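Here is what each chain is made of, one letter per residue.
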Amino acid sequence: MNKPFPPLPFGSERADLDKSPLEIRGLLSRPIWRELRTFLAVAKSPSYAQAAELLGTSAPTVSRDVKRLQDQIGSQLVISTFSGVTLTETGRKLAIQVAELDFQLFALSNDLKDEMDAVIGRVAVSVTSGLAVAIVAPAVPRLNDSYPRLNLDIREQVSLVNFEKNQADLMISLSPISRADVDCVEIGTLHLIPIASREYLKKSGVPQRQFISQHAYVQCSYYASEREIWDGWRGLVEAGHQTHNCENSLAYFALVRNGAGVGLLGNYVLADPELVPLELGVHVPLPIYLISVANRRQSRPVAAVYDWIVDIFRTNPSFGTGLTFPSGRHEQEESLRKMLETIAPAPSLQSR
């Protein structure tokens, strides 16, 4: 039996014992806020001159701000040479923390621009280039129809597993995050299967399990992970001939579509009739998560984009729980087909 907690010595009625930080006289930070912003510009630039351009000031002013900051902190942050500037290890750590603070201040100032009768502001969304081009960007006109004064900032993912490094309000991720201050909800499933172009099949024949060694495979370093979920695909690549390796999802798609080899692609790309699914016993289902800092959902613009992202994935049959193939009856599939053709046009008739 659990021992009961003793009576609390103080209750909520004692407001004097639970003061707001605004009621405490005095400031904790040193007078270096301007210098920190200057330092962040230096950390993002190869020289004081380019940092000055970023800030709209002069290089000597930037140099003085950095020196004043170093004097206040009591540590060297920047090493200046004739070839430019580099950060010390202390400087690099501080720069990362200041960059995170900079984004928080941006998000706060953006929220303060909201009006009661409209959704206004900028929302940053971090997403892989493949899903950004194929799914998110084509649906933006629908978002504009509902919120014409909302500005979407689509960002390439710096990190596939670290939410903060992407400096975004929302992150569409294939890796869940379990933290009290983060909301993580599953919005669909990315179904990766072996796919080849008709051009490749015409030249090399249809791959079959007993003849996989006779075929070429386009590898991606993400798929080469030792995790069990990749065993089937890794087995195909190791048994066959690895022709190319590519990390960029759009370039990877272009390689496969133009006949470079068999690739592991999302089933949604089969909206392109030039691509054919292959029955090789490999299917990698990856849950798709929408991640956000819990208190950011209170922002009207962020909440609007959050709901829009959930809708575009959950209403797309390609991202359902079970593996399906495009039927050609959905408007999203037709627009996706046209867009994929512009990314990697099929080989000309003469080359066939």
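Predicted, not measured: the structure shown is a model, and the values here were computed from it. Positions within a chain are numbered from 1, following the residues in the order the chain's sequence is written. Restriction of local features to residues with pLDDT of at least 70 applies here, the model being predicted, together with a cutoff of 80 or more for giving and counting side-chain atom pairs; totals for whole chains, interfaces and linings are based on all residues. Note that the side-chain values use all heavy atoms of the structure and ignore hydrogens as well as water.

J.: How do you make sense of unusual backbone geometry when you look at a structure like this?
T.: In most cases, non-glycine residues show a negative phi, while peptide bonds are predominantly trans. Here the phi dihedral of glutamine 167 falls at roughly 45°; this positive angle occurs in a residue that is not glycine. Only DSSP runs of H or I covering at least 4 residues are called helices, and only runs of E covering at least 2 are called strands; the numbering of each starts at the N terminus. Examined against the element boundaries, glutamine 167 turns out to sit in the loop between strand S4 (150–155) and strand S5 (170–173).

J.: I'm lost on the pairing of strand S8 (residues 241–245) in this one. Help?
T.: Side-chain positions along a regular strand alternate between the two faces of the sheet. By the convention used here, strands pair only if DSSP detects at least 2 bridges between them. Of the strand pairs in this sheet, strand S7 (residues 216–219) and S8 are connected by four bridges, and their pairing is parallel. Within the sheet, the bridge partner assigned to alanine 216 lies in S8 and is histidine 241.

J.: I tried to follow the packing of aromatic side chains on my own but got confused; where do I start?
T.: The relation between two aromatic rings is expressed through the spacing of the ring centres and the mutual angle of the planes. Each pair of aromatic rings taken from Phe, Tyr and Trp, with Trp reduced to its six-membered ring, is defined by centres within 6.5 Å and is described as stacked if the planes are under 30 degrees apart, edge-to-face if over 60, and tilted in the remaining cases. Considering all chains together, one arrives at six aromatic pairs under this definition. These aromatic residues form a ring-pair network of at least three members: Tyr223, Trp230 and Tyr252. Stacked on the ring of tyrosine 306, the Lys or Arg arginine 297 has its end atom at 3.6 Å from the ring centre. Sitting over a ring, as applied to charges here, requires NZ of Lys or CZ of Arg to be within 6 Å of the ring centre and within 35 degrees of the ring normal.

J.: Can you help me understand the pattern of salt bridges in this one?
T.: Opposite charge on two side chains lets them pair, provided their charged atoms get close. Take a side-chain nitrogen of Lys or Arg and a carboxyl oxygen of Asp or Glu: if they are within 4 Å of each other, that pair is a salt bridge. Counting across every chain of the model gives 13 salt bridges. The salt bridge involving aspartate 231 is made with arginine 234; its shortest N-O contact spans 2.4 Å. Of this pair, aspartate 231 and arginine 234 both sit in helix H8 (residues 231–239), separated by three residues, roughly a single helical turn. Burial classes follow relative accessibility: with a 1.4 Å probe on protein chains only, a residue under 20% of its type's maximum area counts as buried, one over 50% as exposed, and anything between as partly exposed. Overall, arginine 234 belongs to the buried group, its relative accessible area being 13%.

J.: Help me understand the environment of glycine 188, please; the structure alone is not making it clear to me.
T.: In this structure, glycine 188 sits in strand S6 (residues 182–197). Residues glycine 188 and isoleucine 288, spaced 100 residues apart in sequence, show a C-alpha to C-alpha distance of 5.2 Å.

J.: Just to check I follow, could you spell out the packing of helix H2 (residues 48–55) against helix H3 (residues 59–73) for this structure?
T.: For any two helices packed against each other, the geometry comes down to the angle between their axes and how far apart the axes lie. The N-to-C vectors of H2 and H3 enclose an angle of 100°; their axes lie 8 Å apart at closest approach. Classified by the interaxial angle, the pair formed by H2 and H3 is roughly perpendicular. From H2, Tyr48, Ala49, Ala51, Ala52 and Leu55 reach across to H3, where they touch Ala59, Val62, Ser63 and Val66. Gly is put with the polar residues, along with every residue not named as nonpolar or charged; the nonpolar set is Ala, Val, Leu, Ile, Met, Phe, Trp, Tyr, Cys and Pro, and the charged set is Asp, Glu, Lys and Arg. Of the residues contributing to the contact of H2 with H3, the split by class is eight nonpolar, one polar and no charged. Here an axis means a line fitted to C-alpha atoms, over the contact stretch when the element is a helix, while the angle between two N-to-C directions is reported on a 0 to 180 degree scale. Here roughly perpendicular refers to angles of 65 to 115 degrees, roughly parallel to angles under 35, roughly antiparallel to angles over 145, and oblique to all remaining angles. We call two residues in contact when some of their heavy atoms are within 4.5 Å.

J.: Help me understand helix H5 (residues 129–136), please; the structure alone is not making it clear to me.
T.: Turn by turn, an α-helix covers 3.6 residues, leaving residues three or four places apart pointing in a common direction. Extensive coverage of H5 is indicated by the burial of seven of its eight residues. Residues of H5 that are buried: Ser129, Gly130, Leu131, Ala132, Ala134, Ile135 and Val136.

J.: Explanation requested: the nonpolar core in the structure shown.
T.: As used here, the term nonpolar core means buried Ala, Val, Leu, Ile, Met, Phe, Trp, Tyr and Cys residues forming a set that is joined through side-chain atoms within 4.5 Å. If you look at the biggest cluster of nonpolar residues, it comprises 64 residues, and the most contacted ones within it are Ile172, Trp233, Tyr252, Val305, Trp308, Ile309 and Phe313. If one sorts the elements of this core by residue count, helix H10 (residues 300–314) sits on top with nine residues. When residues no more than four places from it in sequence are discounted, the contact partners of isoleucine 309 are Val125, Leu170, Ile172, Ile187 and Leu290. In this structure, Ile32, Leu40, Val62 and Val85 belong to the second largest nonpolar core, which totals 19 residues.

J.: I'm lost on H3 in this one. Help?
T.: Expected helix span is taken as 1.5 Å per residue step, with the number of steps being one fewer than the number of residues. With 15 residues, H3 ought to run about 21 Å at 1.5 Å a step, and its terminal C-alpha atoms sit 21 Å apart, in line with that. For H3, every residue scored as buried is listed here: Thr61, Val62, Asp65, Val66, Leu69 and Gln70. Buried residues along H3 sit in contact with helix H1 (33–43), H2 and strand S1 (78–81).

J.: Can you help me understand the packing of H1 against H2 in this one?
T.: Following both chains from N to C, one finds H1 and H2 inclined at 125°, their axes separated by 8 Å at the closest point. Relative to H2, the element H1 lies oblique. Relative to H2, the crossing made by H1 is right-handed. Contacts between H1 and H2 involve Arg37, Thr38, Ala41 and Val42 on the former and, on the latter, Tyr48, Ala51, Leu54 and Leu55. Split into classes, the residues belonging to the contact of H1 with H2 amount to six nonpolar, one polar and one charged. When the near helix sits turned anticlockwise from the far one by under a right angle, the crossing is termed left-handed; a clockwise turn instead gives a right-handed crossing.

J.: Teacher, can you tell me more about the side chain of threonine 189 here?
T.: Structurally, the position occupied by threonine 189 is in strand S6. Ignoring sequence-local partners within four residues, the contact set of threonine 189 consists of Pro285, Leu286, Pro287, Ile288, Ser318, Phe319, Gly320 and Thr321.

J.: For this particular structure, what's the right way to read a nonpolar patch on the surface?
T.: On the surface, Leu101, Leu105 and Leu108 cluster together into a nonpolar patch covering about 280 Å² of accessible area. By the secondary structure assignment, leucine 108 is in helix H4 (residues 89–111). Patch membership requires more than 30% relative accessible area and the absence of a salt bridge. Residues of like charge join within 9 Å; the nonpolar side chains Val, Leu, Ile, Met, Phe, Trp and Tyr join within 5 Å. In short, Shrake-Rupley with a 1.4 Å probe defines the accessible areas, and a residue's cover is counted only from the protein chains shown.

J.: Help me understand the state of the cysteines, please; the structure alone is not making it clear to me.
T.: Here, disulfide denotes a covalent bond that connects the sulfur atoms of two cysteines. Here, the term disulfide refers to a pair of cysteine sulfur atoms separated by no more than 2.5 Å. Inspection of the entire model under this criterion finds zero disulfides. Looking at cysteine 220, it has no disulfide partner, and the nearest cysteine sulfur is the one in cysteine 246, 7.0 Å off. For cysteine 220, a relative accessible area of 4% translates into the label buried.

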